[in-house]
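Spelled out from the first residue to the last, the chains are:
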Amino acid sequence: MTARALLFDLDDTLFAEESFVRSGYAQVAAAASAAGAGESAAALLDRLWYDFRRLGRTGAFDRFAAAHPGCALSVAEMVKLYREHRPTIALDDPARRALAVARANGLALALVTDGAAATQARKVEALGVAPLVDAVVYTWALEAPKPDPRGFLEACARLGVAPAQAVVVGDDPYHDVEAARRAGLAMIRLRAGRAAEIETRDRPALYAEIDTLDALPEALKRLGLTQGGAA
Ligand SMILES: [Mg+2]
């Protein structure tokens, strides 16, 4: 069988999502420091990052506000700053190489990403990834968050490729892998990011795992997929 398209997830597949969190926290820390939180931006960022490592993102700004009663910044303002900031993030090197190799092999390329479309679009812009692919699909804008497979199918349609000739590349077992399974798409799971240790139980028929995107061409081969351009 010939693979004609790769449909990439974004967060924790093409870049480390934590770098976006840190970038947003830096923005909030700087604003909070200027708003009377009583410590330097660097010290506040350290505190936010420590809290994130211990307890995760949920409720982080509520905890921060409670710990810094002198800060004039409301939690709602922190959330807005975080969501609307221009992130300082970069594509992982293996991601950059994988996109270039796939393009050189004539594959059509799409991004299919979950999350608030405006936030995701800011990530896409900051990563400079749009010129490296042929389509970007924001699943929330379609009201079809993963594991709803419609975002991946929409990507196939925009690329002009049959789903049977498309391969999903993503990290998330409950979102990317499950969407691929529901749509009958081939799947290459990248074991990376926060879900790296989580097993995938219900797998798509064509399924492989890799731990770096540098292994993508070899994984396609393992699945019996030759890479062919649309031409
Ligand atoms: Mg992901």
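Residues numbered from 1 in each chain as written. Predicted model: local features only at pLDDT ≥ 70, side-chain atom pairs only at ≥ 80, totals over all residues.

(A) Broad picture of the pairing of strand 7 (residues 207-210). Residues Ala 208 and Ile 210 of strand 7 are buried on one face, while the alternating residues Tyr 207 and Glu 209, pointing to the opposite face, are not. Here 4 bridges tie strand 6 (residues 186-190) to strand 7, and the two strands are oriented parallel to one another. Within strand 7, the position partnered with Ile 188 by the bridge is Ala 208. (Buried ≥ 20, exposed ≤ 12 C-beta atoms within 10 Å, placed from the backbone. Helix = DSSP H or I, 4+ residues; strand = E, 2+ residues; numbered from the N terminus. Pairing = 2+ DSSP bridges.)

(B) Structural context of the environment of Gly 193. Mapped onto the fold, Gly 193 is located in the loop between strand 6 and strand 7. Apart from residues no more than four positions distant in its own chain, Gly 193 is found in contact with Asp 12, Ala 16, Glu 17 and Asp 171. (Contact = placed C-beta atoms within 7 Å.)

(C) Summary view of unusual backbone geometry. The step from Lys 146 to Pro 147 runs through a cis peptide bond, and the omega angle for that step is 10 degrees. Within the secondary structure, Pro 147 sits in the loop between strand 4 (135-138) and helix 7 (150-159). Although it is not a glycine, Asp 12 sits at a positive phi angle of roughly 65 degrees. Its place among the elements puts Asp 12 in the loop between strand 2 (5-8) and helix 1 (17-34). On the basis of neighbour counts, which here come to 21 C-beta atoms within 10 Å, the residue Asp 12 falls in the buried class. Its identity as a non-glycine residue notwithstanding, Glu 143 has a phi of 55 degrees, on the positive side. For Glu 143, the location among the structural elements is in the loop between strand 4 and helix 7. Of the residues examined, Glu 143 has 8 C-beta atoms within 10 Å and is grouped as exposed.

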